[in-house]
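Architecture and fold: a report
Each chain, letter by letter, is given below.
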Amino acid sequence: MKARLDAIDWHILKELQEDGRMTNVELARRVGISAPPCLRRVRALEEAGLIRGYRTLLDEKQLGFDVTAFAMVGLHSQKEADLIAFEKTVQAWDVVRESYMLSGEVDFLLKCVAPDLQSFQNFVISELTAAANVASVRTALTIRRTKDEPIVPIDD
């Protein structure tokens, strides 16, 4: 069920996506309400699961992760138990930053970051292709990021 939000809730979500570090007082000012009801609304949005958390977005390249690549994984079996087992395996791999189960010819798309090409290749060879139930792996190295919007598009 989709959440029923009023204009103020949408405005709160939009503002927090743009700057999750602002104070409640500043958020209240931006959305045009006083601080106590703003805080109650934010807490209600958190409790409803609409706000999943707050993070700092880091620049992986400046921190030494020069390779971003995608791995397209096909599995031998798509039985629910086998899918869940692969998902659990993926959770243990630090190099994998995002994982999506797909429909079609590819079962999973993994976004990976690594310090260098050799590290990524080692991961693919020694861990990914060696994992239980993995039938095929195709990889694609990124050349450059052309868009980075890790937020939900909210209209003004």
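The text that follows walks through the structure, step by step, so that each part is easy to find. Computed from a prediction, not measured in an experiment: that's the story for all the values here.

This next bit is on the environment of His 76. Here His 76 shows up in the loop between strand 1 (67-75) and helix 4 (80-91). In the structure, His 76 is positioned 54 residues away from Ala 130 in sequence and 13 Å away in space, judged by C-alpha atoms. Filtering out sequence-adjacent residues up to four positions away, His 76 remains in contact with Asn 133, Val 134 and Ala 135. Here Val 134 takes part through its backbone oxygen, which lies 3.4 Å from a polar atom of the side chain of His 76.

We now examine the pattern of salt bridges. With the rule as written, the count across this model stands at nine salt bridges. As a salt-bridge pair, Arg 41 and Asp 9 come within 2.9 Å of each other at their nearest N and O atoms. On the criterion of sequence distance, the pair formed by Arg 41 in helix 3 (residues 35-47) and Asp 9 in helix 1 (residues 7-18) is long-range, its members being 32 residues apart. Accessibility expressed as a relative area gives 23% for Arg 41, which makes it partly exposed. Glu 60 serves as the salt-bridge partner of Arg 145, at 2.1 Å between the closest nitrogen and oxygen. With Arg 145 in the segment after strand 4 (134-141) and Glu 60 in the loop between helix 3 and strand 1, this residue pair connects regions lying 85 residues apart in the sequence. Residue classification places Arg 145 among the partly exposed positions, given a relative accessible area of 44%. On the accessibility criterion, Glu 60 (17% relative accessible area) is buried. Linked through salt bridges whose partners overlap, the residues forming this network are Glu 15, Glu 26, Arg 29 and Arg 30.

Turning to the pairing of strand 3 (residues 108-114), a few remarks are in order. Counted residue by residue, strand 3 has six buried out of seven residues, so it is predominantly covered. Bridge analysis of strand 1 against strand 3 gives seven bridges, and the strand direction is antiparallel. Paired with Phe 70 across the bridge in strand 3 is Lys 111. The pairing of strand 2 (residues 96-101) with strand 3 spans five bridges and is classified as antiparallel. Within strand 3, the position partnered with Val 96 by the bridge is Cys 112. Connecting the antiparallel pair strand 2 and strand 3 is a turn made up of six residues, with Gly 104 showing a positive phi of about 105 degrees.

Turning next to the packing of aromatic side chains. In this structure the tally under the stated criterion is three aromatic pairs. Relative to Phe 123, the ring of Trp 93 lies with its centre 5.1 Å away and its plane at 85 degrees, an arrangement referred to as edge-to-face. Residue Trp 93 is located in the loop between helix 4 and strand 2, and its partner Phe 123 is located in helix 5 (residues 117-128); the two are separated by 30 residues in the primary sequence. Ring-pair connections join several aromatic residues into one group, and the members of that group are Phe 86, Trp 93, Phe 108 and Phe 123.

With that settled, the discussion passes to the packing of helix 1 against helix 3. Remark: helix 1 packs on helix 3, axes separated minimally by 11 Å, with the N-to-C direction vectors making an angle of 80 degrees. Comparing the axis directions of helix 1 and helix 3 gives the class roughly perpendicular. Residue-level contacts link Ile 8, Asp 9, Ile 12, Leu 13 and Leu 16 of helix 1 to Cys 38, Arg 41, Val 42 and Leu 45 of helix 3. The residue inventory of the contact of helix 1 with helix 3, partitioned by class, reads seven nonpolar, no polar and two charged.

Reading the values: the criteria
Residues numbered from 1 in each chain as written. Predicted model: local features only at pLDDT ≥ 70, side-chain atom pairs only at ≥ 80, totals over all residues. Heavy atoms only, no water. Helix = DSSP H or I, 4+ residues; strand = E, 2+ residues; numbered from the N terminus. Contact = heavy atoms within 4.5 Å. Polar contact = N/O pair within 3.5 Å; in protein donor to acceptor, adjacent residues only side chain to side chain. Salt bridge = Lys/Arg side-chain N within 4 Å of Asp/Glu carboxyl O. Buried < 20%, exposed > 50% of the residue type's maximum accessible area, 1.4 Å probe, protein only. Pairing = 2+ DSSP bridges. Phe/Tyr/Trp six-rings, centres within 6.5 Å; stacked < 30°, edge-to-face > 60°. Axes fitted to C-alpha atoms, helices over the stretch in contact; angles between N-to-C directions. Parallel < 35°, antiparallel > 145°, perpendicular 65-115°, else oblique. Nonpolar A, V, L, I, M, F, W, Y, C, P; charged D, E, K, R; others polar.

Geometric values such as these leave the question of function open.
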